[in-house]
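Chains, contacts and geometry: an overview
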Amino acid sequence: MPLVSSLFHPPAWLRNGHVQTILPTLLPRRFDRCCERERLELPDGDFLDLEWNRIGRDRLAILSHGLEGSARECGMRGLAAALEAAGWDALRWNFRGCSGEPNRLPRSYHSGETGDLAAVIAHAAPRYTRIALVGLSLGGNVVLKYLGEARPHPAVIAAVAISVPVDLAACVDAIDQRWSNRIYLRRFLRPLMAKIAAKAVHFPTQLEVCAVRGLRAFDDRYTAPLHGFHDATDYYAQSSSLQFLPRISEPTLLLNARDDPFLAPSAFPWAEAEHSAALHLEAPRSGGHGGFIDLACGVQPWSERRMVEFLGASHAGSIHSPSPR
């Protein structure tokens, strides 16, 4: 019954989901180490831009970012730095169109696109004996779906997924409909629509710029048809990782805060974790969306330390029976 009693206990003034969500974007962090950049060409004529943190180890963590994020954002660089300090090479990859250069095709990325992750793993695997997967938000959904929809690459040994909307329909509606989430909704829609407008110049017969008021409307108008889904409902039904969780066989930590403003109640799969030997669900009362700031180690999020702890235990084969929630 992998339901984990969380040790995340921030100060009282940080026990607010919106504070935890916004604060990491305001706290400066410096990462002095340069990364190695590589372009991975894909069979369909598109490409993925990769960013490596190598220290010469035989174990690698592959990091997947969130909606309209990138490999260069502070949260991803922090995760990579924590992994590097713990003795892992780290590979941060940009979803299509997220590296600062538009991708070549009308299609882009979406919450259930596991083929690109599989391509990144296959590209990296010849150099590593053990691979861990780490996903943040949308990237976490991709990681969990990849692990459960089919047998993963044999080098994959463990995973950590943080702040994940495992039930896409319910979580998109939570962002669209909660008044307190309007600031986040605008922040997501602005770059999404900018990308559509830029692509429409090159693909005028496939894309027409129309105003949309929410993420569900955007997915219905653009994400679904561009990626082969009937509509947004079909896209969410096929792409939500919730349905794939019972089939995960590698040690996996799902870390979702109960005050995450983006998550619906169905994003906390208690029953699935209770019946799984591999899925460890940890749901602290606070933490926001990708926040988990406790100031115990300065501005470093607690989630980075928890990730390193879980992957270290998985690597050593010493995952213990968790405490009841």
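None of these values were measured; they are calculated from a predicted model. (Residues numbered from 1 in each chain as written. Predicted model: local features only at pLDDT ≥ 70, side-chain atom pairs only at ≥ 80, totals over all residues. Heavy atoms only, no water.)

Thoughts on the overall build of the chain
Looking only at helices and strands, the chain has 10 helices and nine strands in total. Over its C-alpha atoms the chain spans a radius of gyration of 19 Å, differing by no more than 12% from the 20 Å that the globule rule assigns to 325 residues. The principal-axis extents of the C-alpha atoms in the chain amount to approximately 55 × 45 × 40 Å. Looking at the chain as a whole, 56% of its 325 residues are labelled buried. A fraction of 75% describes how many contacts in the chain between residues 6 or more apart in sequence connect residues 24 or more apart. Surface summary for the chain: the accessible area is close to 14,000 Å², and the carbon and sulfur share equals 55%. Computing the positive centroid from 35 side-chain charges and the negative centroid from 34, the chain places the two 4 Å apart. (Helix = DSSP H or I, 4+ residues; strand = E, 2+ residues; numbered from the N terminus. Rg over C-alpha atoms; globule rule 2.2 N^0.38 Å. Buried < 20%, exposed > 50% of the residue type's maximum accessible area, 1.4 Å probe, protein only. Contact = heavy atoms within 4.5 Å. Areas by Shrake-Rupley, 256 points an atom, 1.4 Å probe, with all protein chains shown as cover. Lys, Arg positive; Asp, Glu negative; His and termini not counted. Charge placed at Lys NZ, Arg CZ, Asp CG, Glu CD.)

Focus: the pattern of salt bridges
For the structure shown, the criterion picks out 20 salt bridges. Its salt-bridge partner being D49, residue R39 comes within 2.8 Å of it at the nearest N-O pair. Highlighted residues: R39 in strand β2 (residues 36-41) and D49 in strand β3 (residues 47-53), separated in sequence by 10 residues. Among the residues examined, R39 registers a relative accessible area of 32% and is labelled partly exposed. Notably, a salt bridge pairs R96 with D44, separated by 2.8 Å at the nearest N-O pair. Highlighted residues: R96 in the loop between β5 (89-93) and α3 (115-124) and D44 in the loop between β2 and β3, separated in sequence by 52 residues. (Salt bridge = Lys/Arg side-chain N within 4 Å of Asp/Glu carboxyl O.)

Description of helix α1 (residues 17-26)
For α1, every residue scored as buried is listed here: G17, Q20, T21 and L23. Along α1, the residues classed as buried sweep out an arc of 170° about the axis, all on the same side. Buried-residue contacts for α1 involve α6 (182-202). (Arc of directions from axis to C-beta.)

Examining the confidence of the model for the chain
Looking at the chain as a whole, its pLDDT mean stands at 94, while 96% of the residues score no less than 70. Confidence drops under a pLDDT of 50 for residues 320-325, and excluding neighbours within four residues, the segment shows 14 contacts in the predicted structure. (pLDDT = per-residue confidence, 0-100.)

A few points about the packing of aromatic side chains
Each aromatic ring pair is described using two quantities: the centre-to-centre distance and the angle formed by the ring planes. In this structure the tally under the stated criterion is 11 aromatic pairs. With a centroid separation of 5.2 Å and 45° between ring planes, the pair formed by F229 and Y235 is classed as tilted. Across the pair, exposure class does not vary: F229 and Y235 are buried alike. Where F292 meets W302, the ring centres are 6.0 Å apart and the plane angle is 45°; that geometry is what we call tilted. Of this pair, F292 sits in the loop between β9 (279-282) and α10 (302-316) while W302 is found in helix α10, placing the two residues 10 residues apart along the sequence. W302 shares its class with F292; the two are buried. Taken together, the aromatic side chains of F8, F292 and W302 make up a single cluster linked through ring pairs. Between R39 and the ring centre of F47, over which it is positioned, the NZ or CZ distance is 3.8 Å. (Phe/Tyr/Trp six-rings, centres within 6.5 Å; stacked < 30°, edge-to-face > 60°. Lys NZ or Arg CZ within 6 Å of the ring centre and 35° of its normal.)

Digging into the side chain of T223
If you trace the backbone, T223 turns up in helix α7 (residues 215-226). If sequence neighbours within four positions are ignored, T223 has contacts with H110, F218 and Y235.

Here's the deal with unusual backbone geometry
One non-glycine residue, E68, adopts positive backbone phi at about 55°. Structurally, E68 can be placed in the loop between β4 (59-64) and α2 (74-85). The backbone phi angle of S137 is positive, close to 60°, even though this residue is not glycine. Following the sequence through the fold, S137 ends up in the loop between β6 (130-136) and α4 (138-149). The class of S137 is buried, set by a relative accessible area of 12%.

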